[in-house]
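# Residue-level structural notes
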Amino acid sequence: MTGPQQVAGALFIDCGQQLKNLTWVRPPRARYECLTCRTVEGPVVGAAAVTAFVQTIRTKHQHRQGAAA
């Protein structure tokens, strides 16, 4: 068993709302909040932007945080 765990960040994703005719009522969006350095990345809006953001945010934020240290 491992020791206590601590949450370091929170990724918020809103998948949006799309109609049957494929028009967006509310586009997808996402943002990341780092609880360690208290910064916010995003928000990004749009299906492609959200997909890219979610896939890379942890790595990109760690590099930014490391550069600031």
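Heads up: the structure comes first, above all this text.
Every chain begins its residue count from 1, and numbering advances along the sequence as written. Two thresholds apply to this predicted model, a pLDDT of at least 70 for residue-level local features and 80 or more for giving and counting side-chain atom pairs, whereas whole-chain, interface and lining totals are computed over all residues. In computing side-chain properties, one takes all heavy atoms of the structure into account and sets aside hydrogens as well as water.

## Let's talk about the packing of aromatic side chains
When the centres of two rings from Phe, Tyr and Trp lie within 6.5 Å, Trp using its six-membered ring, the rings pair. Their planes under 30 degrees apart give stacked, over 60 give edge-to-face, and anything left gives tilted. A complete count under the given rule lists zero aromatic pairs for this structure. One Lys or Arg, Arg31, reaches over the ring of Phe12 and ends 4.2 Å from the middle of that ring. Two limits define a charge over a ring: the Lys NZ or Arg CZ must be within 6 Å of the ring centre, and within 35 degrees of the ring normal.

## Re the pattern of salt bridges
In the sections that follow, a salt bridge refers to a side-chain nitrogen of Lys or Arg positioned within 4 Å of a carboxyl oxygen of Asp or Glu. For the coordinates displayed, the defined rule picks out three salt bridges. For Arg26, the salt bridge is made with Asp14, and the minimal N-O distance between the two is 3.0 Å. Of this pair, Arg26 sits in strand S3 (residues 24-26) while Asp14 sits in strand S1 (residues 9-14); the two residues are twelve residues apart in sequence, bridging distant segments of the chain. For Arg31, the salt bridge identified is with Glu33, shortest N-O distance 2.8 Å. For every residue, the accessible area (1.4 Å probe, protein chains only) is compared with the maximum for its type, and the residue is labelled buried under 20%, exposed over 50%, or partly exposed between those bounds. On the basis of relative accessible area, Arg31 is assigned to the partly exposed category, the value being 31%. Using a relative accessible area of 22% as the deciding quantity, one classes Glu33 as partly exposed. It is possible to trace a salt-bridge network through shared partners that takes in Asp14, Arg26 and Arg29. Only DSSP runs of H or I with at least four residues qualify as helices, and only runs of E with at least two residues qualify as strands; both kinds are numbered from the N terminus onward.

## Some remarks on the sheet that holds strand S4 (residues 29-34)
Two strands pair if DSSP finds at least two bridges between them. Strands sit in the order S1-S4-S5 across an open sheet of three strands; the sheet is antiparallel. For this open sheet the edge positions go to S1 and strand S5 (39-45), each flanked by a neighbour on one side alone. Taken pair by pair, the neighbouring strands of this sheet meet at an average axis angle of 10°, ignoring direction. In the sheet, S1 pairs with S4 via six bridges, with the strands oriented antiparallel. When the bridges of S4 are listed, Phe12 appears paired with Arg31. Lines are fitted to the C-alpha atoms to define the axes, a helix being fitted only along its stretch in contact, and any angle between axes, read from their N-to-C directions, falls within 0 to 180 degrees.

Read these as layout, nothing more, since geometry by itself doesn't imply function.
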